[in-house]
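Here's the letter readout for the chains.
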Amino acid sequence: MSEKRRVSASVDAEMIEAGHQAVAAGFAETMSAWVNAALHRQSEHDARLRAADRFLAGRVPITSRDDDQILTSDPHDILVLARARGLFIEIERV
């Protein structure tokens, strides 16, 4: 288990309620655990977007970790990054 630190943040009331509901439903042990899991997911999401951005920018080298992150990215997020760079990407549905 990694070191824990206390943080104070202002959060939308709906998110506080969602956290309480998640704890009550057993999806998390505590509100802190629920918020921590959400921060982990956001951090992973951001890493995938950075990898996709490096790919779209044509920066090399693209590592195997980048490949894994790009492949697990939401296609919509990659399209948004591509369009921001003026690129057109067609996604083939299989």
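Everything quoted here is computed from the prediction, not taken from an experiment. (Residues numbered from 1 in each chain as written. Predicted model: local features only at pLDDT ≥ 70, side-chain atom pairs only at ≥ 80, totals over all residues. Heavy atoms only, no water.)

**Structural notes on the packing of helix α2 (residues 31–57) against helix α4 (residues 75–84)**
Moving on, step 1. For the pair α2 and α4, interaxial distance at closest approach is 10 Å and the crossing angle is 45°. Judged on the interaxial angle alone, α4 and α2 are oblique. Every pair of crossing elements has a handedness; the one defined by α2 and α4 is right-handed. Across the interface between the two elements, His45, Leu49, Ala52, Asp53 and Leu56 from α2 touch Asp77, Ile78, Leu81 and Ala82 from α4.
Moving on, step 2. Residues that form the contact of α2 with α4 fall into these classes: 6 nonpolar, 1 polar and 2 charged. (Axes fitted to C-alpha atoms, helices over the stretch in contact; angles between N-to-C directions. Helix = DSSP H or I, 4+ residues; strand = E, 2+ residues; numbered from the N terminus. Parallel < 35°, antiparallel > 145°, perpendicular 65-115°, else oblique. Left-handed = near helix turned anticlockwise from the far one by under 90°. Contact = heavy atoms within 4.5 Å. Nonpolar A, V, L, I, M, F, W, Y, C, P; charged D, E, K, R; others polar.)

**Description of the layout of surface pockets**
Moving on, step 1. There is about 770 Å³ of room inside the largest pocket.
Moving on, step 2. Val7, Ser32, Val35, Asn36 and Leu39 are the residues nearest the centre of the largest pocket, which is lined by 19 residues in total.
Moving on, step 3. At 9 residues, the largest contribution of residues to the lining of the largest pocket is made by α2.
Moving on, step 4. Classifying every residue of the lining of the largest pocket gives 11 nonpolar, 4 polar and 4 charged. (1 Å grid on protein atoms, 1.4 Å probe; cavity = no way out; pocket = protein on both sides within 12 Å on 5 of 7 lines; lining within 4 Å. Points joined across faces, edges and corners; volume = space filled by probe spheres on them.)

**Looking at the confidence of the model for the chain**
Moving on, step 1. With 72% of its residues at a pLDDT of 70 or more, the chain shows a mean pLDDT of 80.
Moving on, step 2. Taken element by element, the predicted model of the chain shows its lowest mean pLDDT in helix α3 (residues 64–71) (59) and its highest in helix α1 (residues 13–24) (97). (pLDDT = per-residue confidence, 0-100.)

**So, the pattern of salt bridges**
Moving on, step 1. Counting across every chain of the model gives 1 salt bridge.
Moving on, step 2. Across the pair arginine 5 and glutamate 3 runs a salt bridge whose closest N-O atoms are separated by 3.4 Å. With respect to burial, arginine 5 and glutamate 3 carry one shared label: exposed. (Salt bridge = Lys/Arg side-chain N within 4 Å of Asp/Glu carboxyl O. Buried < 20%, exposed > 50% of the residue type's maximum accessible area, 1.4 Å probe, protein only.)

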